[in-house]
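# Working through the structure, step by step
Spelled out, the chains give:
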Amino acid sequence: MSKDHDFGSLPRQAYSGSLLERAAAFRGDDAKLAVLLRHERAGVYVVGGESIVLKQGAASDPLFSPDEARALGAVRETVFLGLLHDAPRFGFGIDAAAIEALKARADLKLIDLRTIAVQGAVATTHVPPLAEAKAILGWHARHRFCPNCGAGTVLVQAGWRRDCPVCKAEHFPRTDPVVIMLPIKGDRCVLGRSPRFPATMWSCLAGFCEPGESIEEAVRREVAEEVGLACAQVKYFASQPWPFPSSLMIGCHAQAVSDEIVIDKSEIEDARWFDRAELKSMLLRQHPQELSTPPPIAIAHHIIRDFVEHGSGVLVG
Ligand SMILES: [Zn+2]
């Protein structure tokens, strides 16, 4: 990634790059899971809603022993996340009310997962399994009733499925695909601004893939809807889990074949063309108007940076 040393050794994007072996074969083995929960090196990530619980010390530590984690509050769901060099890792979901009670404790810190990534609040090896825990526990919190018949569902398969005891439907955790893309024409590309962004930040366009749509079709539709540009070739770049609540960001570069931007104000606040020199100054935080791109934790940063480094070559190969 550090082809152009002007960018320095920026951190990689957050949430991907997990070192955990998911060990899915154990999910149906309750006896094995019970043994893993009693393992002397078993570690638990504790999640309640948007909050991650950390031990507050010289360094913030997100790992609790199973007994420590149970003492924090009633555990609603237990999910087996996988093995880290044979040490089992679990996610415990606890109630929002229990989370509220923990806020007063000086030995704990409650923090959201975006802030963890932006601040580097925990060792980077914890960030992907925290994303896994937050995404799957958030799914459980939102799927306690069968969408087929309305009956209460039960957690099975170590937290990787919920079954309906009435209509027998099996419900699997969902991940929502989102395309995030940079339309390119020659040496220029289009960035947009959401009203939710900080005042000086510009980023890639993005939107959910719709049912019955390929990634390429979603990219072309979203670019057409948001900025009125037609795109031809779409080239996949990389992807990033985005557990807010359960998205997968699919990063692409797209070949724009028209020039005139027509902004859909219901989706974005502004959009315009940027050339590579201006983008570079934004990445390096040297822009004269202090315009900026998203930070390196976000895949948008890397999609933009790849274009700055390689120009329209990103569409080749
Ligand atoms: Zn049902």
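These numbers come from a predicted model, not from an experiment. (Residues numbered from 1 in each chain as written. Predicted model: local features only at pLDDT ≥ 70, side-chain atom pairs only at ≥ 80, totals over all residues. Heavy atoms only, no water.)

## Topic: the packing of helix H7 (residues 276-283) against helix H8 (residues 299-310)
For any two helices packed against each other, the geometry is given by the interaxial angle and the distance between the axes. Where H7 contacts H8, the axes come no closer than 9 Å and their chain directions differ by 130°. Overall, the two elements H7 and H8 adopt an arrangement that is oblique. Judged by the twist between their axes, the crossing of H7 over H8 is left-handed. Across from Arg276, Leu279, Lys280 and Leu283 in H7, the residues of H8 making contact are His301, Ile304, Arg305, Phe307, Val308, Glu309 and His310. The class makeup of the residues in the contact of H7 with H8 is five nonpolar, two polar and four charged. (Axes fitted to C-alpha atoms, helices over the stretch in contact; angles between N-to-C directions. Helix = DSSP H or I, 4+ residues; strand = E, 2+ residues; numbered from the N terminus. Parallel < 35°, antiparallel > 145°, perpendicular 65-115°, else oblique. Left-handed = near helix turned anticlockwise from the far one by under 90°. Contact = heavy atoms within 4.5 Å. Nonpolar A, V, L, I, M, F, W, Y, C, P; charged D, E, K, R; others polar.)

## Some details on the sheet that holds strand E3 (residues 75-84)
The strand order across the open sheet built from five strands is E3-E4-E1-E2-E5, with neighbouring strands paired in mixed fashion. Looking at the sheet topology across the chains shown, the edges are occupied by E3 and strand E5 (108-112). Pairs of neighbouring strands in the sheet enclose a mean axial angle of 30°, with direction left out of account. Sheet topology note: the E3/strand E4 (residues 87-94) ladder contains eight bridges and is antiparallel. Across the sheet, residue Glu77 finds its bridge partner in E4, namely Gly93. The strands touched by helix H1 (residues 30-37) within the sheet are E3 and E4, with E4 carrying the most contacts at an inclination of about 95°. Lying over the sheet, helix H5 (residues 127-142) contacts strand E1 (43-48), strand E2 (51-55), E3 and E4, oriented at roughly 145° with respect to E3. (Pairing = 2+ DSSP bridges.)

## Quick word on the environment of Ile263
If you trace the backbone, Ile263 turns up in the loop between strand E13 (247-256) and strand E14 (270-275). With 117 residues separating them in the primary sequence, Ile263 and Cys146 have C-alpha atoms 40 Å apart. For Ile263, the contacting residues outside a window of four places in its chain are Glu226, Ile268, Asp270 and Ala271.

## A word on the coordination of the zinc ion
Surrounding the zinc ion are the protein donor atoms Cys146 (SG), Cys149 (SG), Cys164 (SG) and Cys167 (SG), which sit 2.2 to 2.4 Å from the metal. Given four donor atoms and angles of 100 to 117° at the metal, the environment of the zinc ion is assigned as tetrahedral. One chain supplies every donor to the zinc ion, and in sequence these donors are spaced C-x2-C-x14-C-x2-C. You can see Cys146 sitting in the loop between H5 and strand E6 (154-156) and its partner Cys164 sitting in the loop between strand E7 (161-163) and strand E8 (170-171), a full 18 residues away along the chain. For Cys146, a relative accessible area of 4% corresponds to the buried category. Judged by its relative accessible area of 2%, Cys164 is buried. (Donors = N, O, S within 2.8 Å, 3.2 Å for Na, K, Ca; no water. Tetrahedral: all angles 85-135°; square planar, octahedral: opposite > 155°, others 65-115°. Buried < 20%, exposed > 50% of the residue type's maximum accessible area, 1.4 Å probe, protein only.)

## Description of the layout of surface pockets
Estimated volume of the largest pocket: approximately 910 Å³. Looking at the largest pocket, it is lined by 35 residues, and the ones nearest its centre are Arg196, Phe197, Ser203, Trp242 and Met249. Of all the elements in the fold, those that place two or more residues in the lining of the largest pocket are helix H4 (113-119), strand E9 (176-185), strand E10 (188-193), strand E11 (205-208), strand E12 (231-242), E13 and H8. Per-element accounting of the lining of the largest pocket gives the leading share, four residues, to E11. By volume, the second largest pocket is sized at about 350 Å³. Elements represented by at least two residues in the lining of the second largest pocket include exactly H5 and E12. By residue number, the principal contributor to the lining of the second largest pocket is H5, which donates six residues. (1 Å grid on protein atoms, 1.4 Å probe; cavity = no way out; pocket = protein on both sides within 12 Å on 5 of 7 lines; lining within 4 Å. Points joined across faces, edges and corners; volume = space filled by probe spheres on them.)

## Digging into the packing of aromatic side chains
According to the stated counting rule, one finds six aromatic pairs in the structure shown. Seen in terms of ring centroids, Tyr15 and Trp242 are 5.5 Å apart; in terms of plane orientation they differ by 75°. Their pairing is edge-to-face. On the criterion of sequence distance, the pair formed by Tyr15 in the segment before H1 and Trp242 in strand E12 is long-range, its members being 227 residues apart. Overall, Tyr15 belongs to the buried group, its relative accessible area being 3%. Here Tyr15 and Phe244 contribute two aromatic rings whose centre-to-centre distance is 5.7 Å and whose plane-to-plane angle is 70°, an arrangement assigned as edge-to-face. Placement of the pair is Tyr15 in the segment before H1 and Phe244 in the loop between E12 and E13, with a sequence separation of 229 residues. Both residues of the pair, Tyr15 and Phe244, belong to the buried class. Here the aromatic residues Tyr15, Trp242 and Phe244 are joined through ring pairs into a cluster of three or more. A cation sits over an aromatic face here: Lys55 above Phe64, 5.3 Å from the ring centre. Here Arg114 stacks its cationic end above the ring of Phe244, 4.0 Å away from the centre of that ring. (Phe/Tyr/Trp six-rings, centres within 6.5 Å; stacked < 30°, edge-to-face > 60°. Lys NZ or Arg CZ within 6 Å of the ring centre and 35° of its normal.)

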